[in-house]
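Structure at a glance
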Amino acid sequence: MSLTNDPTITITGIGTRPATKAFAILSNNYRVVITQDNTASSGPYDMVMTIVTEDGTAVSQRDITSDLTYSGSSAVDTGDTAETASILPLGNGDFVLSWSDSTGGVGEPTNLYFRVYNSSGVAITATTEVDSVHTTGDLNRFQKLSLLADGNFSIVWAENGTSYSLRIFKPDGTAVTNQISIDSVSGDPGGAEYSHIAASSGTTTLVVYTAYGTSGSVDNHYYYTLFDETGTAIGTSHQLSATPDSGSAVDSVATLSDGNFVIGYRISTSSQYVFAILTPSGTFIRQDQALHSQVATNFGVYALASGGFLVTSGGSPAGTQLTGDIYDNTGTLLQSGVALTSYGSDTPGGGTISGLGYLIASGPYSGVAVVAREAVGSTSATDQIFGHTNGTVVCFLRGTQIATPDGERAIEKLMPGDMAITAGGAARRIVWIGKGKVLATAGRRSAATPVIVRKGALADNVPNQDLRMTKAHGLYLGGVLIPVEFLVNHRTILWDDRAQEVEIFHVELDSHDVLLANGAPAESFRDDGNRWLFQNARSGWDLPPQAPYAPVLTGGAVVDAVWRRLLDRAGPRALPPMTDDADVHLVVDGQRMDAVESDGMVQVFRLSRRPERVYVASREVVPAEQGLARDSRSLGVALRRIAVRQGTKFDVVPAEDARLTDGFHPYEAAGNLRWTDGYAALPIEAFTRFTGAMEVVLHLAGTTRYPVNGSGPARAAA
């Protein structure tokens with residue numbers, strides 16, 4: 001199974017680009033790249049943030065050097081390119097940018113900071129200093145950030161190249177813990193330490209590092225320590241490798257979909273690249289496991305959202321493509337040599353590639369992406385992003401009863417060679433049972449979040465008991481297959497938002513068909529390139545996709561009609577008090593502002609000065625939850641355009657403007673409109689040409705009905 005290739009994206013910098021600092025995929029699949037760009041070969045090297053969608057549509061590109069301040073002073077050194085930067089995506093589309101600052105030059109005392117941005121690249125918090133224990137001459141840098149299940153995040157960083165510290169923060173910059181010294185944990189060998197990595201699973205943070213010990217390089221070894229959400233060490237520090245004197249440079253770590261950690265490292269005594277799989281409780285599933293590909297350059301491990309992990313290697317010398325091997329969550333090799341880049345000998349501008357640098361990221365909901373920085377001569381002019389989407393889990397959950405000639409049997413007890421009864425009444429032989437586990441974060445929907453089809457939701461006693469399945473699993477209704485996520489009505493078909501560890505199964509016949517699962521017509525396994533997502537995929541992943549039993553529909557009149565029929569079957573629902581009043585207003589620099597003029601579809605707001613942040617706020621509603629329509633989006637108001645005016649000067653932002661991202665749904669060309677989610681950020685660039693008083697004019701394209709208490713997100717001002 002190869003990863004599905006996304007369109008290749010080319011990013012042109014501001015001036016030339018001597019350093020690409022950080023790269024991440026946000027929870028909305030936007031790509032964020034932090035670079036240091038310059039217009040002169042000697043600097044200054046300004047920090048530049050570029051954000052694009054997964055298809056390459058520009059969201060934002062700007063010099064953020066002026067953002068990186070602390071207590072009124074610059075907190076970034078633009079005199080060299082030695083500063084480190086990291087990006088941590090948060091679950092709501094925002095992200096944390098952390099950076100180091102050595103204003104005295106390379107090797108001088110260094111401070112460490114972070115700031116939170118939204119997906120449009122607008123800073124939404126002040127700058128926070130990370131270290132709380134200040135010692136003259138400190139070098140605080142090489143930070144690693146990881147997200148905890150409670151929404152907080154941990155930062156692990158190096159101090160002076162000899163020790164490491166941990167601190168946990170809330171996304172608003174509030175410290176949850178004081179600075180915690182990792183080398184003070186019992187079991188740490190003492191002495192010099194270097195090269196660390198970190199990741200989190202649930203509320204547990206794993207830190208892995210290399211320690212020389214008190215005897216110098218003779219007893220160098222890898223160590224790991226686990227910490228809980230309060231920063232308290234769970235037990236003691238332990239050696240990672242079973243091989244004595246193995247420590248070299250620990251490379252990378254990732255959190256798998258089942259919650260375990262995978263760690264990539266090198267055994268120095270044998271020069272062999274290996275991996276370990278470790279549970280959050282500290283139990284090894286694999287240890288010192290040799291990797292299939294033993295290539296030193298660009299080595300790293302990256303979790304895939306739907307299960308398994310990717311190991312990267314290669315990409316050097318210039319002109320050599322970066323490749324990867326795919327493993328399942330148990331560490332079994334599924335495929336080797338997956339191409340991750342595709343470029344010729346020339347850059348998009350026609351120059352010859354003299355060298356390449358890579359940054360690699362895996363997304364929380366889909367795939368991986370690679371930034372290739374193309375060095376042309378002595379400078380770097382462009383970056384290319386190569387994106388790859390991994391498969392979707394399509395399966396039943398443990399306990400599902402499958403119809404067989406001998407009656408219903410639990411899916412986990414079926415075996416290849418057993419017979420199953422199809423919805424058409426035929427007895428067909430099972431050729432394969434897929435099995436696996438995925439981790440669903442409670443309250444945060446993802447590819448792993450199950451859907452519950454309540455007893456009797458489809459017809460009388462169909463299903464004959466609640467049926468739990470993954471969102472992409474198709475139900476056979478009205479002669480078509482409809483993935484169950486598109487039938488959610490929040491009453492009889494609803495998300496299981498409490499699910500955490502999800503055990504999954506699927507049944508494959510020799511061709512695609514419809515099984516009876518808890519008496520409901522649900523598709524059998526169809527290999528469309530997703531077989532490798534199961535932990536027991538041993539063969540067959542490279543076979544061509546199977547033809548579907550029936551057309552697969554995700555929208556349109558047929559799906560709408562089926563959704564409405566199933567909702568009507570659920571019976572009347574006591575709706576909350578509803579209103580046609582959208583309560584449209586602005587939130588300007590944190591303060592609510594109501595319209596001074598309104599004729600219903602045109603709202604005029606008067607500002608006394610140029611703002612720093614402006615949001616369009618309103619009531620919001622999820623139509624599917626209220627039975628209004630088969631639309632699971634959170635809808636505020638639909639906008640045709642926004643105008644900013646001052647006398648005869650004006651600036652118009654039409655609905656199709658690509659800058660309308662944070663709090664906006666995709667542009668709908670058929671209606672020439674774009675819906676908000678109830679709290680949408682206006683591009684601040686629309687206000688920069690104006691000073692003093694000005695007006696903002698919202699041209700609405702439509703509203704809907706709202707719960708009276710359906711105010712926008714809590715970010716809105718009181």
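On a predicted model such as this, the values are computed, not experimentally measured, just so you know.

**A short note on the overall build of the protein**
The helix and strand tally for the protein stands at two helices and 57 strands. A sequence separation of at least 24 residues applies to 57% of the contacts in the protein between residues at least 6 apart. For the protein, the computed accessible surface area is about 27,500 Å², with 48% contributed by carbon and sulfur atoms.

**Thoughts on the sheet that holds strand β27 (residues 322-327)**
Across the sheet, which stays open at both edges, the four strands sit in the order β25-β26-β27-β28 with antiparallel pairing between neighbours. Sheet topology places β25 (300-303) and β28 (333-339) at the edges, where each strand pairs with a single neighbour. Taking each pair of neighbouring strands and ignoring which way they run, the sheet shows an average axis angle of 25°. Examined bridge by bridge, strand β26 (residues 309-314) and β27 share six bridges and lie antiparallel to one another. Within β27, the position partnered with Ser313 by the bridge is Thr323.

**Description of the sheet that holds strand β9 (residues 85-89)**
Read across the open sheet, the four strands follow the order β9-β10-β11-β12; overall the sheet is antiparallel. Two strands in the sheet have a free side with no partner beyond their single neighbour: β9 and β12 (128-129). One ladder, built from two bridges, connects strand β11 (residues 111-117) with β12; its direction is antiparallel. Of the residues in β12, the one forming a bridge with Tyr113 is Glu129.

**What about the pattern of salt bridges?**
The tally for this structure, following the rule as stated, stands at 20 salt bridges. Between Asp594 and Arg592 there is a salt bridge whose closest N-O contact spans 2.9 Å. In this structure, Arg606 and Glu597 form a salt bridge, with 3.7 Å as the shortest nitrogen-oxygen distance. Glu597 sits in the partly exposed class, given a relative accessible area of 40%. Within the structure, one salt-bridge network assembled from shared partners comprises Glu597, Arg606, Arg645 and Glu695.

**Considering the confidence of the model for the protein**
When pLDDT is averaged across the protein, the result is 81; 79% of the residues are at 70 or more. For the stretch residues 104-108, pLDDT sits under 50, and the model shows seven contacts to residues farther than four places along the chain or on other chains.

**Overview of the packing of aromatic side chains**
Summed over the entire model, instances satisfying the criterion amount to 17 aromatic pairs. Plain terms: the ring middles of Phe114 and Phe169 are 4.9 Å apart, the flat faces sit at 70° to each other, and that makes the pair edge-to-face. Placement of Phe114 in strand β11 and of Phe169 in strand β15 (residues 163-169) is noted, with a sequence separation of 55 residues between them. Each member of the pair Phe114 and Phe169 is classed as buried. Where Phe275 meets Phe309, the ring centres are 5.5 Å apart and the plane angle is 65°; that geometry is what we call edge-to-face. Highlighted residues: Phe275 in strand β23 (residues 272-278) and Phe309 in strand β26, separated in sequence by 34 residues.

**What to know about helix α1 (residues 557-569)**
Over its 13 residues, α1 extends 18 Å from the first C-alpha to the last, a length consistent with the 18 Å expected when each residue adds 1.5 Å. Those residues of α1 that are buried are in contact with β40 (474-477), β41 (480-483), β42 (493-495) and α2 (623-626). Phi turns positive, to about 90°, at Gly571, one or two residues after α1.

**Describing unusual backbone geometry**
Cis geometry marks the peptide bond from Val462 to Pro463, where omega comes out at -5°. As for its placement among the helices and strands, Pro463 is situated in the loop between β38 (450-453) and β39 (467-470). Although it is not a glycine, Ser271 adopts a positive phi angle of roughly 55°. Checked against the element boundaries, Ser271 lands in the loop between β22 (261-267) and β23. A relative accessible area of 42% means that Ser271 is categorised as partly exposed. One non-glycine residue with positive phi stands out, namely Asn461, at about 60°. Locating Asn461 in the fold gives a position in the loop between β38 and β39. With a relative accessible area of 48%, Asn461 lands in the partly exposed category.

**Re the nonpolar core**
Of all hydrophobic cores here, the largest spans 33 residues; its most connected members are Phe396, Val453, Leu458, Leu475 and Ile493. When residues in this core are grouped by element, the largest group, three residues, is from α1. Counting residues in each nonpolar core, the second largest holds 27 residues, with Val588, Val644, Leu682 and Leu698 among its members.

**As for the pairing of strand β45 (residues 520-523)**
Residues Ala520 and Ala522 of β45 are buried on one face, and the alternating residues Pro521 and Glu523, pointing to the opposite face, are buried as well. Direction of pairing for strand β44 (residues 514-517) relative to β45: antiparallel, over a ladder of four bridges. Residue pairing across strands places Leu516 opposite Pro521, the latter belonging to β45. Hairpin connection from β44 to β45: two residues lie between these consecutive antiparallel strands, with Asn518 at a positive phi of about 50°.

**Thoughts on the side chain of Ser146**
Looking at the element boundaries, Ser146 is found in strand β13 (residues 140-147). At a separation of 2.8 Å, a polar atom in the side chain of Ser146 contacts the side chain of Ser154. A distance of 2.7 Å separates polar atoms of two side chains, one belonging to Ser146 and the other to Ser200. Every residue in contact with Ser146, bar those within four places of it in the chain, is listed here: Leu88, Phe153, Ser154, Ala199, Ser200 and Thr205.

Thresholds applied
Residues numbered from 1 in each chain as written. Predicted model: local features only at pLDDT ≥ 70, side-chain atom pairs only at ≥ 80, totals over all residues. Heavy atoms only, no water. Helix = DSSP H or I, 4+ residues; strand = E, 2+ residues; numbered from the N terminus. Contact = heavy atoms within 4.5 Å. Areas by Shrake-Rupley, 256 points an atom, 1.4 Å probe, with all protein chains shown as cover. Pairing = 2+ DSSP bridges. Axes fitted to C-alpha atoms, helices over the stretch in contact; angles between N-to-C directions. Salt bridge = Lys/Arg side-chain N within 4 Å of Asp/Glu carboxyl O. Buried < 20%, exposed > 50% of the residue type's maximum accessible area, 1.4 Å probe, protein only. pLDDT = per-residue confidence, 0-100. Phe/Tyr/Trp six-rings, centres within 6.5 Å; stacked < 30°, edge-to-face > 60°. Expected span 1.5 Å × (residues − 1). Core = buried A, V, L, I, M, F, W, Y, C linked by side-chain atoms within 4.5 Å. Polar contact = N/O pair within 3.5 Å; in protein donor to acceptor, adjacent residues only side chain to side chain.

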